[in-house]
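One letter stands for each residue in the lines below.
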Amino acid sequence: MPKTAYELEREANIARNRALLEQLELKSAADAVVGPAKAKATKTKAPQKPRAKTTKPVNREKKVVEATPRRASARLRKSTGVDPNETPAQKRKREQEEEAQRQKEEEERLVVEERAREAKKPRHNDLDLATLAEQEEWEPGALPGLNSALQVLLRERHPRRVADQDAFLFDDHKGEEAEASRLREKLSGLKVIAQAKVTGDRVYSAAYHPEPTKDLMFFGDKHGQLGIWDARAPPDEVEDEDDGESAQKGQGKYWRLQVHWPATSQSSLSCVKFDPIDAHSVYTSAYDSTVRSLSFTSGISHEVFSMDKVLITSIDLPPASHEMWISDAEGWLTHRDLREDKSKRRAYQIAQQKVGCVSVNPVNPTYLVTASNNRVLKVWDTRKIRALPANSKDHRGVLELDLEGFETFLQTKKGSGTLRGEWVHGKSVTSAYWDPRGRSIVSTSYDDSMKVWDVDPSHMTGDAPFSSFKPHTRIRHNCQTGKWVTMLKAQWSQNPDVYPHFTVGNMDHSIDIIGCKGERLAKLSGEIVTATPAVTCTHPSIIDRVAGGVANGRCILWGPEYLAE
């Protein structure tokens, strides 16, 4: 009897399924599903080569998602053990209790959410050392040890020193060469004498305290932490500590304070400066849009300036003055009188792009130099812009002049001469600083160069722009730091007693020391220096002390070899 169309289609489906299962090397499964194949007279096909087995995916652990309180419907919140025979009075009482419990849970949830929001905001209140140290697990006695180290700095006043504008100027090159040779000989023998992981994250800024009896440095890191390192302090004796742990901790003593908040990259500590009047307090600026001052006398950190969600890039203070200049990422330059209320300020937008650095001339404090992402270095005479009246509509005494208004002012007769000189670089200018004499400027740029200017003090007495403003020296230097290394910034030594020179990190894991005429004086490195010391600082009172900080928070101090013994 001939097969029906249905039977023929069924046999064809069975054959296709068998072939598919055999291709997947599951013949036993094929026999179990469709039964053994019937023998046929037809010629059998040649066996196919087995295919390569695919690699099984790695079993990854499932992410554990923390349970968060969720709102539930009124039906689901009903008590399951309700007495069906409860009276109306009992029902009203039960519903009131359930409503009270629901309100309590809702209030607790709102409190938790508010705390989470506050934890992400900058702190604007006064903070003591104990509060600043909350994020760190300090060893017993560490906080009193920090207090003792800070009290040493209060024994004497250490005002910022400046040099004479004509210091180290000679009629011929022989005098300069002699001074440079003398300094080169002093610096050439420096060795690594101490190292420690001072901050928890990448070092962004640094300052060396002028106290001559100590090597006390302050380093700011990527997450708003201020690391204080007493590099040559005798370490505390700790029992049962092997050599590996001791080497990991490093030499000296260090303390970490969470000065800016939150402890994320939103609070990167961009600048560290000591009070130029006595060095009894330290100013720090950060990306959390605040500037704070930590007093060594009281141990209290208080806010001296704040903005609304604007990254503060740099600060500087004139010697023997209560003033501060602040630059930010939106191209503004702000002046603050620290004796006035922190709400009072005078702000001028001098560029459309980020102003990454501002430096005050230590001898003529009315002169500033700024470095910007628009590739231009500019020298300003601030006497005329500071004479502008504050906004009469603002009772706080605030003056804010945007870019259009500021450029219009520069074109007027009153604003003429405010911009004294400028120089366009090949790429963004990351930094520009005056030397202690107030006549030399060094800039660092992403065009892989450092440039040095010498400004004749006689040109600063008039009101006209400089007749010539051209760098006398251009030094090739790799400034392509990338994402994981802090931007390189050439920093002048603040010691006015020696031949003017500056330090800058080198991408070959060293520090270069260069004189004010561009002559290379020394190159500092060491076997333990395995990363770029991008942030550098020098002792303002001692010639042979140089420090650097690297990306993992480790800091290195170079000094005379006898101190390493």
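Residues numbered from 1 in each chain as written. Predicted model: local features only at pLDDT ≥ 70, side-chain atom pairs only at ≥ 80, totals over all residues. Heavy atoms only, no water.

### So, the pairing of strand 20 (residues 429-434)
Definition in use: Relative accessibility under 20% of the residue-type maximum defines a buried residue, over 50% an exposed one, and the middle range a partly exposed one, all with a 1.4 Å probe and only protein chains included. A run of H or I in DSSP counts as a helix once it spans at least four residues, and a run of E counts as a strand once it spans at least two, with each numbered from the N terminus. Whether two strands pair depends on DSSP finding at least two bridges between them.
Within strand 20, 6 of the 6 residues are buried, which leaves the element mostly enclosed by the surrounding structure. Alignment of strand 20 against strand 21 (residues 440-445), held across 5 bridges, turns out to be antiparallel. Bridge assignment links A432 to a residue of strand 21, and that residue is S443. Here strand 20 folds back onto strand 21, and the loop between the two strands holds 5 residues, one of which, G438, carries a positive phi near 70°.

### What to know about the pattern of salt bridges
Our working rule: Basic side-chain nitrogens of Lys or Arg form a salt bridge, by our definition, when they fall within 4 Å of a carboxyl oxygen of Asp or Glu.
According to the stated counting rule, one finds 26 salt bridges in the structure shown. Note that R520 and D512 form a salt bridge whose closest N and O atoms lie 3.4 Å from each other. A relative accessible area of 44% places R520 in the partly exposed class. In this structure, a network of salt bridges that share partners links the residues D215, R232, D544 and R545.

### Notes on unusual backbone geometry
Looking along the chain, the bond that leaves W261 and enters P262 is cis, with omega of 5°. With respect to the element layout, P262 can be found in the loop between strand 6 (253-258) and strand 7 (269-274). Even without a glycine there, the phi angle at F168 is positive, about 60°. Non-glycine residue S289 carries a positive phi angle of around 70°. For S289, a relative accessible area of 4% translates into the label buried.

### Quick look at the packing of aromatic side chains
How we decide: A pair of aromatic rings is counted whenever rings of Phe, Tyr or Trp (Trp by its six-membered ring) have centres within 6.5 Å, and the orientation is called stacked for planes under 30 degrees apart, edge-to-face for over 60 and tilted otherwise.
Inspection of every chain in the model, using the stated rule, returns 9 aromatic pairs. Plain terms: the ring middles of W453 and F469 are 5.5 Å apart, the flat faces sit at 15° to each other, and that makes the pair stacked. With W453 in strand 22 (residues 449-454) and F469 in the loop between strand 22 and strand 23 (473-476), this pair connects stretches of sequence that are 16 residues apart. Across the pair, exposure class does not vary: W453 and F469 are buried alike. Taken together, a centroid distance of 5.3 Å and an interplanar angle of 80° make the contact between W492 and F502 edge-to-face. Of this pair, W492 sits in strand 24 (residues 491-492) while F502 sits in strand 25 (residues 501-506); the two residues are 10 residues apart in sequence, bridging distant segments of the chain. Pair check on accessibility: W492 and F502 agree, each one buried. Ring pairs connect the aromatic residues F218, F274 and F296, which therefore count as one cluster.

### Digging into helix 6 (residues 142-152)
Threshold: Arc, as used here, means the arc of the directions from the helix axis to the C-beta atoms. Whether two residues are in contact is decided by their heavy atoms, any of which lying within 4.5 Å being enough.
Three or more residues of helix 6 are buried, namely A142, L146, A149, L150 and V152. End-on view of helix 6: buried residues confined to an arc of 155°, all on one side of the axis. Next to the buried residues of helix 6 lie helix 5 (129-132), strand 4 (216-221), strand 5 (225-230) and strand 6.

### Observations regarding the sheet that holds strand 4
Hydrogen bonding along the main chain pairs the strands of a sheet, whether they run parallel or antiparallel. Threshold: With axes taken as lines fitted to C-alpha atoms, and helix axes fitted only over the stretch in contact, angles between N-to-C directions fall between 0 and 180 degrees.
Overall, antiparallel pairing links the 4 strands, which are arranged 3-4-5-6 in an open sheet. Of all strands in the sheet, those with a lone pairing partner are strand 3 (203-208) and strand 6, marking the two edges. Between one strand axis and the next, the sheet turns through 20° on average, direction left out of account. Bridge analysis of strand 5 against strand 6 gives 6 bridges, and the strand direction is antiparallel. Each bridged residue has a counterpart across the sheet, and for D230 the counterpart in strand 6 is K253. Sitting on the sheet, helix 6 is in contact with strand 4, strand 5 and strand 6, with an inclination near 100° to strand 6.

### A short note on the side chain of E303
To keep it simple, the criterion reads: Two N or O atoms count as a polar contact when they lie within 3.5 Å, although within protein this holds only if one can serve as hydrogen donor and the other as acceptor, and sequence-adjacent residues are included solely when both atoms are side-chain atoms.
Structurally, E303 is set in strand 10 (residues 300-306). Reaching out from E303, the side chain makes a polar contact with the side chain of H124 at a distance of 2.5 Å. A distance of 2.8 Å separates polar atoms of two side chains, one belonging to E303 and the other to K342. Apart from the residues lying within four places of it in its own chain, the contact partners of E303 are R123, H124, D126, T290, V291, R292 and K342.

### Topic: the confidence of the model for the protein chain
We apply this condition: For every residue, the pLDDT score states the predictor's confidence, bounded by 0 at the bottom and 100 at the top.
Averaged over every residue, the pLDDT of the protein chain is 87; residues scoring 70 or more account for 86%. Across residues 38-66, confidence stays below pLDDT 50; counting only partners more than four residues off in sequence or on other chains, it has 4 contacts.

### Examining the state of the cysteines
Note the threshold: In what follows, a disulfide is any cysteine sulfur pair within 2.5 Å.
Evaluation of the coordinates by the stated rule reveals 0 disulfides. We note that C271 lacks a disulfide partner, and the nearest cysteine sulfur, in C357, lies 7.7 Å from it.

### Regarding the environment of V310
Mapped onto the fold, V310 is located in the loop between strand 10 and strand 11 (312-316). With a relative accessible area of 9%, V310 lands in the buried category. Note: C-alpha distance between V310 and W332 (22 residues apart in sequence) is 9.9 Å. What V310 contacts, discounting residues up to four positions off in sequence, is S289, D328, A329 and E330.

### A short note on the sheet that holds strand 26 (residues 510-515)
The strand order 24-25-26-27 describes an open sheet built from 4 strands, whose pairing is antiparallel. Taken across any chain shown, the strands that pair with only one partner, and hence form the sheet edges, are strand 24 and strand 27 (520-524). Bridge count for strand 25 against strand 26 is 6 bridges, and the pairing is antiparallel. Residue pairing for strand 26: H501 is matched across the bridge by G515. Contacts between helix 7 (residues 173-187) and the sheet are confined to strand 25, strand 26 and strand 27, with strand 27 contributing the most and set at about 10° to the helix.

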